[in-house]
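A closer look at the structure
Below, each chain spelled out in residue letters.
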Amino acid sequence: MAGANDVERVYSAMEEAAGLLGVPVAREKVRPVLTAYQDVLADAVVVFSMAGGRRATELDFSISVPTDHGDPFTTALRRGLTEKTGHPVDNLLAELREGFPLGMYAIDGMVSTGFKKTYASFPTNEPQPLADLLDVPSMPASARANAKLFANYGLDKVQMVSVDYPKRQVNLYFSELDTDYLQPAQVKALAAEMGLIEPSELGLEFAKGSFAVYPTLSYDSDAGDRLCLAVISSDPTLAPTTSEPEVTQFSTYANNAPYAYAGENRTLVYGLTLTPQEEYYKLGSYYQITDYQRKLVKAFEALD
Ligand code: GPP
Ligand code: MG
């Protein structure tokens, strides 16, 4: 069975990635997730993501799910990977599915606890206006509260939405960014207006090359929880930190994470995250890619 072999293969790769950080994988939490989506694993985009410093105690995994496989939250419920709680997060993915053209779904989990998020991605190069998403009933009110602020910083086209069920948080992945808004003064001003910490010089320099910017919104407050600026590259040295243990952590991960497209360079996505209290970095290493990631890396590396 191809599916079962893929579960084994992806699970082993995940253990290898987690091993680079000394993070244990809870087999009984992770295997059911891989098994639930086993039919799509062979051709999926698969990402293993770490975070730096004291956050390097966890590894996230993301798996794309084609739209013809059906809404992955429905699959997760049917498989007993999660349960509805009566909160609006339960309905958001279905409302996006009903109201918008979708190009792809994805799911996300943690190696310690299993399933945690779904994603709805709009068709490639067809990001949707944020204004249209505001009509979706289960969108957090904070999306409405912050829409004008985001638009003032060029954030008005959404390529993807993520729904984090345990945290009850929604990420809006803005794309087709105007580089004028990625300049240090603009990023600094956006962070200040969102009530987030002032980014470091290094962080601001890094942010100039972002291909996606995504705020994290909650249901219980209008304040943005955090903001992430993401850079896609094949360069293993881009984490914007000078802290010695972190430099080693990121470089070990970026140079050794398993990947299934031998002969090419790893696709890496670095994230600068700003919260009200701190700035930290993340790194996703793509275990499997498609031509879409290849194109993105090429386009963004050409900008340097
Ligand atoms: C990053 O969000 C998003 C991904 C790694 C998904 C891309 C994967 C695909 C298979 C399309 P994040 O993990 O930085 O957000 P958060 O930390 O808020 O969960
Ligand atoms: Mg993640």
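Structure shown above.
Throughout what follows, the structure given in this document is the object of discussion. (Residues numbered from 1 in each chain as written. Chains lettered and ligands numbered in written order. Predicted model: local features only at pLDDT ≥ 70, side-chain atom pairs only at ≥ 80, totals over all residues. Heavy atoms only, no water.)

What about the overall build of the chain?
Quick reminder of the rule: The secondary structure listing takes helices from DSSP runs of H or I that are at least 4 residues long and strands from runs of E that are at least 2 residues long, numbered from the N terminus. Three exposure classes are used, based on accessible area relative to the maximum for each residue type with a 1.4 Å probe and protein chains only: buried under 20%, partly exposed in between, and exposed over 50%. What makes two residues a contact is simply this: any of their non-hydrogen atoms within 4.5 Å. All accessible areas in this document rest on Shrake-Rupley with a 1.4 Å probe, and a residue is counted as covered only by the protein chains that are shown. In this tally, Asp and Glu contribute negative charge and Lys and Arg positive charge; neither His nor the terminal groups of the chain are included. Think of each charge as sitting on NZ of Lys, CZ of Arg, CG of Asp or CD of Glu.
When you go through the chain residue by residue, the secondary structure sums to 10 helices and 11 strands. Across the 304 residues of the chain, 55% fall into the buried class. Within the chain, residue pairs in contact and separated by at least 24 positions form 70% of the contacts whose partners lie at least 6 positions apart. Accessible area of the chain: about 13100 Å², with a carbon and sulfur share of 49%. For the chain, the separation between the mean place of its 25 positive charges and that of its 40 negative charges on side chains is 4 Å.

Here we look at unusual backbone geometry
The backbone of Arg168 sits at a positive phi, close to 55 degrees, despite the residue not being glycine. Summarising the element assignment, Arg168 is placed in the loop between strand S6 (157-164) and strand S7 (169-174).

Brief notes about the packing of aromatic side chains
Cut-off, in case you're wondering: Each aromatic pair joins two rings of Phe, Tyr and Trp (for Trp, the six-membered one) with centres within 6.5 Å, and gets the label stacked for planes under 30 degrees apart, edge-to-face for over 60, and tilted for any other angle. A ring has a charge above it when a Lys NZ or an Arg CZ is no more than 6 Å from the ring centre and no more than 35 degrees off the ring normal.
Summed over all chains, the structure comprises 9 aromatic pairs. Judged by centre distance (4.3 Å) and plane angle (5 degrees), the rings of Phe73 and Tyr165 are stacked. Placement of Phe73 in helix H3 (residues 72-78) and of Tyr165 in the loop between S6 and S7 is noted, with a sequence separation of 92 residues between them. Judged by its relative accessible area of 3%, Phe73 is buried. An aromatic cluster is defined as three or more aromatic residues linked by ring pairs; in this entry it consists of Phe73, Phe115 and Tyr165. A cation sits over an aromatic face here: Arg31 above Tyr11, 5.4 Å from the ring centre. The ring of Tyr280 carries Arg55 above its face, with NZ or CZ at 3.6 Å from the centroid.

With respect to the site of ligand 1
For the record, the criterion: Any residue with at least one heavy atom within 4 Å of a molecule or strand is counted as near it. Two N or O atoms count as a polar contact when they lie within 3.5 Å, although within protein this holds only if one can serve as hydrogen donor and the other as acceptor, and sequence-adjacent residues are included solely when both atoms are side-chain atoms.
In the vicinity of ligand 1 lie 13 residues, with Lys117, Tyr173, Tyr214, Arg226 and Lys282 positioned nearest. Take Tyr214: an N or O atom from its side chain is 2.5 Å from an oxygen atom of ligand 1. Between ligand 1 and Arg226, the relevant distance is 2.5 Å, taken from an oxygen atom to a side-chain nitrogen or oxygen of the residue. In the complex, the protein chains occlude 86% of the 510 Å² of accessible area that ligand 1 would expose alone.

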